Amino acid sequence: MNRYEKVFFLPCLMLVCLTLFSGFGMENENDAVSSLLNRRTDLLQQACYGGISVKEAEKKLAEIEVQPLLAEDIQSLRNWDAGQLDLVKSMEFLSVSPVSRIYDYQTYRAVIRWNMRGMASDYQQTVEYYIVLKVSGDRYKLSEFTPLTSQPEEWGSENL
């Protein structure tokens, strides 16, 4: 390679690398949102349906949540019974978008489609949420999980 080719090759290589790898940091945070919400949902269901004790669920929730959501979930766990909660079959994250970052808190808007099993039949519900993660180094914890909108979509037998 002569000198002029090197002058153009190195900046082009740097530009390609920056372009390819620039989105990976945000993808990790989006993955953290879905991973934490899946873990939270699983823990709450296990505790409500007797898979784990409420005390054990509280300890595990403390690993993935901070206040005020942790206090809300602990209070809910202590007051729930299995008849009050429909079973979550799966969650589909239709979109997860960062909104802002202030100090150690990253906020998101997410649209989640819940595939549920109710007493009478299965159904879907699509809900938009406001989500706040507390960021500490490379660790993320849920701080808020607030529904903004809800659109139930009843499943007919042809969709089962």
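Anyway, here's the lowdown on the structure attached to this text. From a predicted model like this one, the values you see are computed outputs, not experimental measurements.

The description of an aromatic ring pair rests on the distance of the ring centres and on the angle between the ring planes. Tallied over the full model, the rule gives two aromatic pairs. Plain terms: the ring middles of Trp114 and Tyr129 are 6.3 Å apart, the flat faces sit at 70 degrees to each other, and that makes the pair edge-to-face. Pair noted here: Trp114 is in strand β2 (residues 105–117) and Tyr129 is in strand β3 (residues 122–136), with a separation of 15 residues, a long-range link. Across the pair, Tyr129 and Trp114 agree in class, each one buried. Ring geometry for Tyr129 versus Phe145: centroids 4.2 Å apart, planes at 15 degrees, classification stacked. Separated by 16 residues along the polypeptide, Tyr129 in strand β3 and Phe145 in strand β4 (residues 139–154) bring together distant segments of the chain. An identical accessibility class is assigned to Tyr129 and Phe145; each is buried.

Along the chain, Gln67 connects to Pro68 via a cis peptide bond; the corresponding omega equals 10 degrees. The residue Pro68 is located in the loop between α3 (54–64) and α4 (69–79) in this model. The phi torsion at Tyr103 lies on the positive side, around 55 degrees, for a residue other than glycine. Tracing the sequence through the fold places Tyr103 in the loop between β1 (87–102) and β2. Taking relative accessible area as the criterion, Tyr103 reaches 75% and is therefore assigned exposed.

A separate point is the environment of Ala47. Here Ala47 is to be found in helix α2 (residues 24–48). Taking the C-alpha atoms as reference points, Ala47 and Trp80, 33 residues apart in sequence, are found 9.5 Å from one another. Sequence-distant contacts of Ala47, that is, excluding residues within four places in its chain, are made with Ile52, Ala57 and Leu77.

Moving on, we get to the side chain of Gln45. Position of Gln45 relative to the elements: it lies in helix α2. Accessibility expressed as a relative area gives 12% for Gln45, which makes it buried. Setting aside residues no more than four positions away along its own chain, Gln45 makes contact with Leu85, Asp86, Leu87 and Val88.

Here is what the cut-offs are and how they apply
- Counting starts from 1 at the beginning of each chain's written sequence and moves along it residue by residue.
- A pLDDT threshold of at least 70 governs which residues receive local features in this predicted model, and a stricter bar of 80 or more applies before side-chain atom pairs are shown or counted, although totals over entire chains, interfaces and linings include all residues.
- Side-chain calculation: all heavy atoms of the structure are included, whereas hydrogens and water are not.
- Centres within 6.5 Å are what make two rings of Phe, Tyr or Trp a pair, Trp counting through its six-membered ring; a difference in plane orientation under 30 degrees is then read as stacked, over 60 as edge-to-face, and the rest as tilted.
- We count a stretch as a helix when DSSP gives it H or I for four or more residues in a row; a strand needs E for two or more, and each element gets its number in order from the N terminus.
- Here's how the labels work: a residue is buried when its accessible area is under 20% of the maximum for its type, exposed when over 50%, partly exposed in between, all with a 1.4 Å probe on protein chains only.
- Throughout, a residue-residue contact means that at least one pair of heavy atoms, one from each residue, lies within 4.5 Å.

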